[in-house]
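Overview (structure and organization)
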Amino acid sequence: QAQLEESGGGLVQAGGSLRLSCAASGRIFSINAMGWYRQVPGKQRELVAAITSGGGTNYADSVKGRFTISRDNAKNTVYLQMNSLKPEDTAVYYCNADRVVTGFGVRDYWGQGTQVTVSS
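The structure presented is a predicted model; accordingly, all values stated were derived computationally and were not measured.

According to the stated counting rule, one finds 5 salt bridges in the structure shown. Linked through salt bridges whose partners overlap, the residues forming this network are R38, E46, R66 and D89.

To continue, consider the state of the cysteines. Under the counting rule described, the total for this entry stands at 1 disulfide. Paired through a disulfide, C22 and C95 show a sulfur-sulfur distance of 2.1 Å. The sign of the S-S torsion, about -80 degrees, decides the handedness of the disulfide formed by C22 and C95: left-handed. Note that C22 is positioned in strand β3 (residues 18-26) and C95 in strand β10 (residues 91-102), a separation of 73 residues in sequence. Judged by its relative accessible area of 0%, C95 falls in the buried class.

What follows concerns the side chain of T114. Looking at the element boundaries, T114 is found in strand β12 (residues 114-119). Apart from residues lying up to four places away in sequence, T114 is in contact with E6, G9, L20, A91, V92 and Y93.

Counted under the stated rule, the structure contains 1 aromatic pair. Here Y37 and W110 contribute two aromatic rings whose centre-to-centre distance is 5.0 Å and whose plane-to-plane angle is 65 degrees, an arrangement assigned as edge-to-face. Remark: W110 occurs in strand β11 (residues 105-110) and Y37 occurs in strand β5 (residues 33-39); sequence separation between them is 73 residues. Sitting above the plane of the Y94 ring, R45 keeps its charged end 3.7 Å from the centroid. The positively charged end of R45 is found above the aromatic ring belonging to W110, 4.7 Å away from the centroid.

The next point concerns the nonpolar core. Counting 31 residues, the largest nonpolar core has W36, L80, M82 and Y93 as its most contacted members. By residue number, the principal contributor to this core is β10, which donates 5 residues. Non-local contacts of Y93, meaning those with residues more than four positions away in its chain, are made with E6, L20, W36, Y37, R38, V48, F67, L80, M82, G113, T114 and V116.

Parameters at a glance
- Residues numbered from 1 in each chain as written.
- Predicted model: local features only at pLDDT ≥ 70, side-chain atom pairs only at ≥ 80, totals over all residues.
- Heavy atoms only, no water.
- Salt bridge = Lys/Arg side-chain N within 4 Å of Asp/Glu carboxyl O.
- Disulfide = S-S within 2.5 Å.
- Helix = DSSP H or I, 4+ residues; strand = E, 2+ residues; numbered from the N terminus.
- Buried < 20%, exposed > 50% of the residue type's maximum accessible area, 1.4 Å probe, protein only.
- Contact = heavy atoms within 4.5 Å.
- Phe/Tyr/Trp six-rings, centres within 6.5 Å; stacked < 30°, edge-to-face > 60°.
- Lys NZ or Arg CZ within 6 Å of the ring centre and 35° of its normal.
- Core = buried A, V, L, I, M, F, W, Y, C linked by side-chain atoms within 4.5 Å.

Put into structure tokens, the structure is as follows:
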């Protein structure tokens, strides 16, 4: 099995920055894509950004130009640098690891979520 541990959420003023980190641990042989999703109460969880093992990236239109996703494959860690934050970025942010290969098989994993609050 694998576990995802997130860090870096918090409270920030509009226009500020935060950096989220998510480290995958366990007997991991490989991870396909890693990404960040966010969810606010009453709404569906939505993709914020994702990155493949080869470095290909995908961003939600609402964060393009403000957020940057990166990944350290050797550490099985993904980062989300969030700049020029807006109040509408307030949400619980979840880390996702897609098609994680361990000794137990292949499956997706989710982190526990970290709160990001942007004050106006």
